[in-house]
Structures are given as structure tokens and as C-alpha cells.
Amino acid sequence: MQYAAAEQAAWYMPAAAAPMVAESAVARVERLASESAVVVFSVSSCCMCHAVKRLFCGMGVHPAVHELDLDPRGRELERALARLLGGYGHASPVVPVVFIGGKLVGAMDRVMAAHINGSLVPLLKEAGALWL
């Protein structure tokens, strides 16, 4: 009798864990940005995104690239990136967005300005993305 009661009770297992809470887009951007020394949020058909990826590869840096158009939550991430850049409701394209050492550098204009004024290489060295 005891075994039969135990077998009948065994089919029901109450959920012990809390339900999964969806990660917010901003939290996901921050998590992805902190996972590699250099992170580029991009769109695969964007020429400026291609240019910034080529810049890093030409310097010997291989960034983690997240193509927003290939991500099912890409639109959410793009809106979160726009908020982080301070361009909420802005009409211009958001991408590319670059993080170095988990810190927001900015869009293409900021990356190119840092490259031209010589501050990009020290940032990359500090993040461990460049050893020269």
C-alpha cells in the first residue's frame, strides 16, 4: 500500500524554482559588452559597421560582434543602445556601437576620433585586446 501511494505522488512535482524572468534589453547589452575586451553591436548590411570591424581587425584586434539583424531580439537591443547613446527617439542609425573593456566608447564617430587622436590604442591595451 505504501509503495502504491508513493508511486501515485511521484508523478506530480511542484515547481520549486522561481519562473524565469526575461532579461531586459539594457541588461543584455551590458552583459554582452562585458563578456569580451572589445564588443561591436552591428548590422550585417551596414557599411559603417563593416568599416569599424575592419579597423579593429587591421589593428590585430578581433572584437566580439553581435549582428542585431540576425538576433531575434535585435530591435530591442537597438533601442537599448540608442538609450545608452543618449539618442532616444533619434532618427539616425544607432550602429555600430563599440564597447572596450566593458565601457561604452560610442558610435563610429567616437571610435574614429579616438583612433585619430591616439587614445584608441591605449584603451585597447588597457582592456587586454592589444599587446603591442
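Here the structure is a predicted model, which is why all the values come from computation and not from measurement.

Calculation notes
- Residues numbered from 1 in each chain as written.
- Predicted model: local features only at pLDDT ≥ 70, side-chain atom pairs only at ≥ 80, totals over all residues.
- Heavy atoms only, no water.
- Buried < 20%, exposed > 50% of the residue type's maximum accessible area, 1.4 Å probe, protein only.
- Helix = DSSP H or I, 4+ residues; strand = E, 2+ residues; numbered from the N terminus.
- Pairing = 2+ DSSP bridges.
- Salt bridge = Lys/Arg side-chain N within 4 Å of Asp/Glu carboxyl O.
- pLDDT = per-residue confidence, 0-100.
- Contact = heavy atoms within 4.5 Å.
- Axes fitted to C-alpha atoms, helices over the stretch in contact; angles between N-to-C directions.
- Parallel < 35°, antiparallel > 145°, perpendicular 65-115°, else oblique.
- Nonpolar A, V, L, I, M, F, W, Y, C, P; charged D, E, K, R; others polar.
- Phe/Tyr/Trp six-rings, centres within 6.5 Å; stacked < 30°, edge-to-face > 60°.

Our next topic: the pairing of strand S3 (residues 97-100). Of the two faces of S3, the one carrying Val97 and Phe99 and the one carrying Val98 and Ile100 are both buried. As judged from the four bridges shared by strand S1 (residues 38-42) and S3, these two strands associate in the antiparallel manner. The partner of Val39 across the bridge, within S3, is Phe99. In this sheet, strand S4 (residues 103-106) lies alongside S3 in antiparallel orientation, the contact comprising three bridges. Following the sheet pairing, Phe99 is matched in S4 by Leu104. Between S3 and S4, which pair antiparallel one after the other, the connecting turn spans two residues, and Gly101 there sits at a positive phi close to 65°.

Looking now at the pattern of salt bridges. What the rule picks out here adds up to six salt bridges. Notably, a salt bridge pairs Glu23 with Arg31, separated by 2.9 Å at the nearest N-O pair. For Glu23, a relative accessible area of 29% corresponds to the partly exposed category. Across the pair Arg28 and Asp71 runs a salt bridge whose closest N-O atoms are separated by 2.7 Å. Residue Arg28 is located in helix H2 (residues 25-34), and its partner Asp71 is located in the loop between strand S2 (64-67) and helix H4 (74-85); the two are separated by 43 residues in the primary sequence.

This paragraph deals with unusual backbone geometry. Residues Val95 and Pro96 are joined by a peptide bond in cis, for which omega reads 0°. Mapped onto the elements of the fold, Pro96 is located in the loop between H4 and S3.

Let's shift gears to the confidence of the model for the protein. Low pLDDT means the predicted coordinates in that region are not meant to be read closely. Summing up the model confidence of the protein, the mean pLDDT is 85 and the portion of residues at 70 or higher is 79%. This model gives residues 10-20 a pLDDT under 50, and the stretch forms zero contacts once residues within four places in sequence are excluded.

So, about the packing of H2 against H4. One way to put it is that H2 packs onto H4 with a least axis distance of 8 Å and a crossing angle of 80°. Looking at the two axes, H2 sits roughly perpendicular to H4. Counted together, Ala25, Val26, Arg28 and Val29 of H2 and Glu76, Leu77, Ala80, Leu81, Arg83 and Leu84 of H4 form the full contact between these two elements. Here the residues of the contact of H2 with H4 are counted per class, giving seven nonpolar, no polar and three charged.

The next thing to look at is the packing of aromatic side chains. Taken as a whole and assessed by the stated rule, the structure comprises one aromatic pair. An angle of 75° between the planes, with centres 5.8 Å apart, marks the rings of Phe41 and Phe99 as edge-to-face. Taken together, the residues Phe41 in strand S1 and Phe99 in strand S3 connect sequence positions 58 residues apart. For Phe41, a relative accessible area of 0% corresponds to the buried category. With relative accessibility at 5%, the residue Phe99 sits in the buried group.

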